[in-house]
Amino acid sequence: MATLPRVCVIGAGSSGIAGAKALLEHGVPFDVYEKSDRVGGNWVFGNRNGMSSAYRTLHINTSRERMEYSDFPMPKDFPDFPHHSHIARYFDDYVEHFGLREHIRFETGVEHAGRGEDGVWEVRVEGGDVHEYDAVMVANGHHWDPRWPEPRFPGSFSGREMHAHDYKGPEDFEGRRVVILGMGNSAMDLAVDASYVASETYLAARRGAHVVPKYLAGKPIDQPWRHGRLASLVAHPRVPWPVRQRLLEKTLAEHVGRMEDYGLPAPDHRIGEAHPTVSGRILDRLAHGAIAPKPNLAELRGDRVAFADGSEVEADVVVYCTGYKVTFPFFDEDFVSAPDNDLPLFRRVFHPEIPDVFFLALLQPLGATMPLAEAQGRWIADYLRGEYALPEREALLDDIRREREAMFKRYVRSKRHTMQIDYDQYLWDLERERRAGAARARDAGFPLPVPARAGVAA
Ligand SMILES: Cc1cc2nc3c(=O)[nH]c(=O)nc-3n(C[C@H](O)[C@H](O)[C@H](O)COP(=O)(O)OP(=O)(O)OC[C@H]3O[C@@H](n4cnc5c(N)ncnc54)[C@H](O)[C@@H]3O)c2cc1C
Ligand SMILES: NC(=O)c1ccc[n+]([C@@H]2O[C@H](COP(=O)([O-])OP(=O)(O)OC[C@H]3O[C@@H](n4cnc5c(N)ncnc54)[C@H](OP(=O)(O)O)[C@@H]3O)[C@@H](O)[C@H]2O)c1
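What counts as what
- Residues numbered from 1 in each chain as written.
- Chains lettered and ligands numbered in written order.
- Predicted model: local features only at pLDDT ≥ 70, side-chain atom pairs only at ≥ 80, totals over all residues.
- Heavy atoms only, no water.
- Helix = DSSP H or I, 4+ residues; strand = E, 2+ residues; numbered from the N terminus.
- Rg over C-alpha atoms; globule rule 2.2 N^0.38 Å.
- Buried < 20%, exposed > 50% of the residue type's maximum accessible area, 1.4 Å probe, protein only.
- Contact = heavy atoms within 4.5 Å.
- Areas by Shrake-Rupley, 256 points an atom, 1.4 Å probe, with all protein chains shown as cover.
- Lys, Arg positive; Asp, Glu negative; His and termini not counted.
- Charge placed at Lys NZ, Arg CZ, Asp CG, Glu CD.
- Near = heavy atom within 4 Å.
- Polar contact = N/O pair within 3.5 Å; in protein donor to acceptor, adjacent residues only side chain to side chain.
- Expected span 1.5 Å × (residues − 1).
- Salt bridge = Lys/Arg side-chain N within 4 Å of Asp/Glu carboxyl O.
- Nonpolar A, V, L, I, M, F, W, Y, C, P; charged D, E, K, R; others polar.

Trainee: Please explain the overall build of the chain as it appears in this structure.
Mentor: Assigned secondary structure in the chain consists of 10 helices and 25 strands. Relative to its length of 458 residues, the chain is compact, with a C-alpha radius of gyration of 23 Å against a globular reference of 23 Å. Buried positions account for 54% of the 458 residues belonging to the chain. Long-range contacts, defined here as pairs at least 24 residues apart, represent 67% of the contacts in the chain between residues at least 6 apart. Carbon and sulfur atoms make up 50% of the accessible area of the chain, which amounts to about 19700 Å² in all. Averaging the positions of the 57 positive and the 68 negative side-chain charges in the chain gives two centres separated by 5 Å.

This is how it looks when you write it as structure tokens:
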């Protein structure tokens, strides 16, 4: 076998470690650079990289069996929706179990990664050292760079304005009058937390959401195989989305009812046309009168907040749960960037113009990211070994175009819906694509698409 290309993996969160494991198992040489002193990224509460958006009360909202890697089950004594501390421990155990730690350079952030005309990557890390690589696997996460409202609301506020990223725990809201903006999962969790300790909690939104409970009939809702044969059959990716959507609508109509009945705005879209808002508790807190729903913010007026319906409340804290920006601080912006969170990629992994940069979990699934990053890692490893060949350029660009058209058609127009995928469908399609690409590689005689050119240190 020819010498395989050497890969730089940026980040040792749940995606980077899954990618690293795939490279290790496929014999592809690599180094992982990690800014922090430990693995787990977002799931390390108070992570010293300053990038984690976790808060004291955070539990996952994709169930344990949806989130675990395929060959490393979470311990059976973990609850269905474990606490962030369980999840961080799980990633640590994964790295230990598969012998990945020695491949990770901790407290060594990548400052700059640039690709020369000869295809060799120069990677400058904290401390100034520069290393050469043949390929770069990007796993720096996309839930750490806060997106504040754009444009900012008019007026000024004399209390505290904060983003969900900076929320640490209920103590931030103790005894205060809190306005929370957004209808995503951050807004749900923070509103519920506030509702127990704040003197007043308002939940403001510019658009309604279909709130999905964590459980249905005593079982995690995202585990169709535990809801009987019919649910498993209908949830299968080969069943057309409109059929699945109708079943989901019927189920939620029976078990949850209309959002308006809880005082929330009626969603302006059907279920599955926005990133899922999952909460087992928000509707209960609304029903108890512990959270007052409001429309969008209109203006900040000193110690008061005015809403789009003309109402006004006194407030101490305004929390913007308005999502995150996709950024790659180590790439020159005109080289690779994602303006408005949009970076077109082939199946969310391969860049159409650069054959040796790959992205892990740069997507928003209806489901968990970990098994997806794991499958993507294996796919990239196949490619680097010459055992998978990409489609011809025109077919690849067509594929990207079709996928984007379908996504933008299905989802509500928003900066949060630029890379939505359906977990089961994605894995299903990925497996088919891997097989098709394996046949193409075999027909071509297994050439290496990325030659090994880089020295280890410049
Ligand atoms: C509050 C919250 C709750 C969530 N809940 C769920 C959930 O229940 N289920 C789910 O599937 N997803 C959830 N997500 C999505 C979340 O993005 C994933 O769970 C997961 O953290 C993605 O892992 P990652 O490795 O891609 O990114 P991260 O976890 O962000 O890890 C990125 C890693 O890269 C490192 N890094 C970044 N830049 C550099 C650099 N320049 N050089 C070196 N290292 C660098 C960081 O230090 C970090 O360790 C949640 C997100 C948030 C914000
Ligand atoms: N417990 C958990 O597991 C958990 C907890 C928190 C977060 N998460 C995950 O973390 C990721 C980020 O979630 P998130 O809730 O922080 O962000 P998000 O999903 O991007 O949601 C942002 C919300 O803010 C609204 N918004 C954005 N800009 C606005 C503006 N200018 N004015 C008014 N409203 C605005 C959006 O409305 P539009 O829809 O109209 O754009 C949306 O309701 C998601 O993947 C989520 O699943 C998980």
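There's more to say after this.
Trainee: Honestly, the site of ligand 2 in this entry has me stumped. Any pointers?
Mentor: Near ligand 2 lie 27 residues; those nearest to it are Asn-185, Ser-186, Arg-206, Arg-207 and Ser-414. Interatomic distance of 3.0 Å between a backbone N/O atom of His-59 and a nitrogen atom of ligand 2. Relative to its unbound accessible surface of 920 Å², ligand 2 loses 88% to contact with the protein. Here the shell around ligand 2 takes 3 residues from helix α4 (residues 185–197), the largest share from any one element.

Trainee: Hey, could you run me through helix α3 (residues 84–97) in this one?
Mentor: Over its 14 residues, α3 extends 20 Å from the first C-alpha to the last, a length consistent with the 20 Å expected when each residue adds 1.5 Å. Three or more residues of α3 are buried, namely His-84, His-86, Ile-87, Ala-88, Tyr-90, Phe-91, Tyr-94 and Val-95. Buried residues belonging to α3 abut α1 (14–25), α2 (64–67), β3 (104–105) and α8 (370–384). With its phi angle positive at about 65 degrees, Gly-99 sits one or two positions after the end of α3.

Trainee: What am I meant to see in the side chain of Asp-134 here?
Mentor: Inspection of the secondary structure assignment puts Asp-134 in the loop between β6 (130–133) and β7 (135–138). Despite its burial, Asp-134 pairs with no opposite charge, the nearest such side chain being Arg-453 at 4.8 Å. Here Arg-6 takes part through its backbone nitrogen, which lies 2.7 Å from a polar atom of the side chain of Asp-134. From its side chain, Asp-134 meets the backbone nitrogen of Ala-454 in a polar contact 2.8 Å long. Dropping the residues within four chain positions of it, Asp-134 is found in contact with Pro-5, Arg-6, Gly-119, Trp-121, Asp-356, Val-450, Pro-451, Ala-452, Arg-453 and Ala-454.

Trainee: Looking at this model, I keep getting lost on the site of ligand 1. Mind explaining?
Mentor: Within the structure, ligand 1 sits among 29 residues, and Ser-15, Glu-34, Asn-49, Val-110 and His-143 are positioned closest to it. Contact distances for ligand 1 include 3.4 Å between a nitrogen atom and a backbone N or O atom of Tyr-33. Here Thr-369 contributes a backbone N or O atom positioned 3.0 Å from an oxygen atom of ligand 1. Surface burial for ligand 1 is 92%, taken as the share of its 980 Å² of free accessible area covered by protein chains. The class makeup of the residues in the shell around ligand 1 is 12 nonpolar, 15 polar and 2 charged.

Trainee: Mind showing me how you'd approach the pattern of salt bridges here?
Mentor: Opposite charge on two side chains makes pairing possible when the charged atoms of those side chains draw close. Enumeration over the complete set of coordinates arrives at 40 salt bridges. A salt bridge links Arg-301 to Glu-299; the shortest N-O distance between them is 3.2 Å. Between Glu-387 and Arg-385 there is a salt bridge, with the nearest N and O atoms lying 3.1 Å from each other. Within the structure, one salt-bridge network assembled from shared partners comprises Arg-177, Glu-299, Arg-301, Arg-304, Glu-312, Glu-314 and Asp-316.

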